Amino acid sequence: MKTTVSQALFAEAQRLIPGGVNSPVRACKSVGCDPRFIQRAAGSRIHDADGNEYIDFVCSWGPMILGHNYPAIMEAIQKAMVNGTSFGAPCPLEIELAELVTEALPSVDMVRFVSSGTEATMSAVRLARGYTGRKVIVKFDGCYHGHADSFLVKAGSGVITLGIPGSPGVPDDIVKNTISIPYNNEEILEKTLRDEALDIACVIVEPVAGNMGVVPPAPGFLQKLRALTSELGIVLIFDEVITGFRVSYGGAQQKFGIMPDLTCLGKIIGGGLPVGAYGGKREIMSMISPVGPVYQAGTLSGNPLAMAAGVATLKALKEPGFYEKLDRKSADFAEKLRTLAEKYLAEATLNRQGSVMTLFFAKGPVTDFDSAMKADVSKFGKFYRAMLDQGIYLAPSQFEGMFLSAAHSEEDLARTLEMTEWSFKKIQN
Ligand SMILES: *Cc1c(COP(=O)(O)O)cnc(C)c1O
């Protein structure tokens, strides 16, 4: 496969942009190769600057659940664009998206739009602290909630992949108010939350972890978390930036039947444009400025193009049967992938929740950060490079999900499995 144009672009980019990328995992360091520069996309495919075509399982890290360039989304953006790209004043499309979001999530009475998932989680935590008057946040090892200071403690994907324990530049004064505990461990959870000396404002969780690879919640874990936080007056924040509109139309909270106090959204709700959101109970959301004293603002928040893309996306996802069909396709693909992995790899574990899955190069079960860390990343790197050269574009890290979209055809998936078998054989030697 010819990659000379990507290589030249990467050299030029590295001169101007740190590491040549605007988000670290894209640099492909952990899988031992250089990034391909992507020029265009359509449906299930992306095309790089050398003219190579790939079947795309990154899907922009989740947002492209309908595939790239979905016609209704493209039309909605074009229609909105004619009227102007930003007003810095309220616009009707914000209400339309807010209606769709609050209707989809019964736990969300009110919602505030921001421009990224990081902004959503950062603001939700500020709100939880403002509401409770307490300081400490509890998170789980391997869960990623964006790159705000207080979350960079055992923070999953990019941070793990690069082997950074937390991050320089984050003062101890800030992270001393963050407690990170193991995912799926009810005993440690209960002990931590019942410790009154800790002054806990909130617990933030990925209800299905997606940033240490896909790790679904153990049966009863989220229920226990909800029961304890309700009893103790701790705000429960579901970070559904990946799972929202992914694992079901109503997200993980619908799937598992849990009502969190606050929910963070991103990725899919922007349909490929920069959007995040946080929302929840009216009583808590009424603490936000200008109604209440907790400050949060954004020049481009509620941007009309982004809102138009979000509205068109949610309307398409609302079609009856959308998730059943995507789940069935994903389950079938996952079973075949698991069978191949068991045949060719000494150690393999496939975790899946709906249309997102991770094949861990590890002996299972993978239920938390420590078990995920047992994966053979060097073998994964070889597999990644073999797949890339065969035109299959996976996330360039063992600790990420593989995203399926409505645009992946049976032929795409059959070809992917064929290339998977080829790659497994190749890396055996
Ligand atoms: C991607 C992600 C974020 C951060 O969103 P950005 O838009 O990248 O800032 C937060 N939480 C989870 C669970 C994510 O997967």
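Computed from a prediction, not measured in an experiment: that's the story for all the values here.

1. Observations concerning the site of the ligand
All residues in the neighbourhood of the ligand are listed as Ser116, Gly117, Thr118, Tyr144, His145, Gly146, Glu206, Asn211, Asp239, Val241, Ile242 and Lys267. Between the ligand and the protein, one listed contact pairs a nitrogen atom with a backbone N or O atom of Tyr144 at 3.3 Å. For the ligand, an oxygen atom lies 3.2 Å from a polar atom in the side chain of Asn211. Relative to its free-state accessible area of 380 Å², the ligand is covered by the protein chains to the extent of 83%. When the residues that make up the shell around the ligand are grouped by side-chain class, the tally is three nonpolar, six polar and three charged.

2. As for the packing of aromatic side chains
Summed over all chains, the structure comprises 14 aromatic pairs. Here the aromatic rings of Phe140 and Tyr183 are separated by 6.0 Å at their centres, their planes lie at 85°, and the arrangement is edge-to-face. Taken together, the positions of Phe140 in strand S5 (residues 136-140) and Tyr183 in the loop between strand S6 (178-181) and helix H7 (186-193) put the pair 43 residues apart, joining distant regions of the chain. The exposure classification of Phe140 matches that of Tyr183, with both residues buried. Relative to Phe383, the ring of Phe361 lies with its centre 5.5 Å away and its plane at 45°, an arrangement referred to as tilted. Here the residue Phe361 occupies a position in the loop between strand S12 (356-360) and helix H13 (369-372), and Phe383 occupies one in helix H14 (residues 377-389), the gap between them amounting to 22 residues.

3. Some details on the domain arrangement of the protein
Assigned domains of the protein: these are domain 1 (4-69 + 321-428) and domain 2 (71-317). Each of domain 1 and domain 2 was reduced to a C-alpha centroid, and the two centroids are 25 Å apart. Contact between domain 1 and domain 2 buries roughly 2800 Å² in total, counting both sides, with carbon and sulfur atoms accounting for 68%. When the area that domain 1 buries against domain 2 is broken down by residue, the three leading residues are Tyr323, Gln353 and Phe369, summing to 24%. For the pair domain 1 and domain 2, the number of links is zero salt bridges. Looking at the side of domain 1 that touches domain 2, the elements that each hand over two or more residues are helix H12 (322-344), strand S11 (349-353), S12 and H13. Broken down by element, the side of domain 1 that touches domain 2 gets its largest block of residues, four residues, from S12. Residues that form the side of domain 1 that touches domain 2 fall into these classes: 19 nonpolar, 11 polar and five charged.

Rules behind the numbers
Per-chain numbering applies: the sequence of each chain, read as written, is numbered from 1 onward. Residue-level local features of this predicted model are given only where pLDDT is at least 70; pairs of side-chain atoms are given and counted only at 80 or more, and the full residue set underlies all totals for whole chains, interfaces and linings. Remark: hydrogens and water are excluded; side-chain values derive from all non-hydrogen atoms of the structure. Whether a residue is near a molecule or strand depends on its heavy atoms: it is near if one of them lies within 4 Å of it. Counted as a polar contact is a pair of N or O atoms within 3.5 Å, where, for protein atoms, one must be capable of donating a hydrogen and the other of accepting one, and residues adjacent in sequence contribute only when both atoms are in side chains. Under the convention used here, a 1.4 Å probe and the Shrake-Rupley method define accessible areas, while residue burial counts only the protein chains that appear. Residues are grouped as follows: nonpolar covers Ala, Val, Leu, Ile, Met, Phe, Trp, Tyr, Cys and Pro; charged covers Asp, Glu, Lys and Arg; every other residue, Gly included, is treated as polar. When the centres of two rings from Phe, Tyr and Trp lie within 6.5 Å, Trp using its six-membered ring, the rings pair. Their planes under 30 degrees apart give stacked, over 60 give edge-to-face, and anything left gives tilted. Numbering of helices and strands starts at the N terminus; helices are DSSP runs of H or I of at least 4 residues and strands are runs of E of at least 2. We call a residue buried when its accessible area falls under 20% of the maximum for its residue type, exposed when it is over 50%, and partly exposed in between, using a 1.4 Å probe and counting protein chains only. Each domain's limits were defined by an automated method or a database of domain assignments. Buried area is understood as the total, over both parts, of accessible area removed when two parts are fitted together, assessed with a 1.4 Å probe. Counted as salt bridges are all cases of a side-chain nitrogen of Lys or Arg within 4 Å of a carboxyl oxygen of Asp or Glu.

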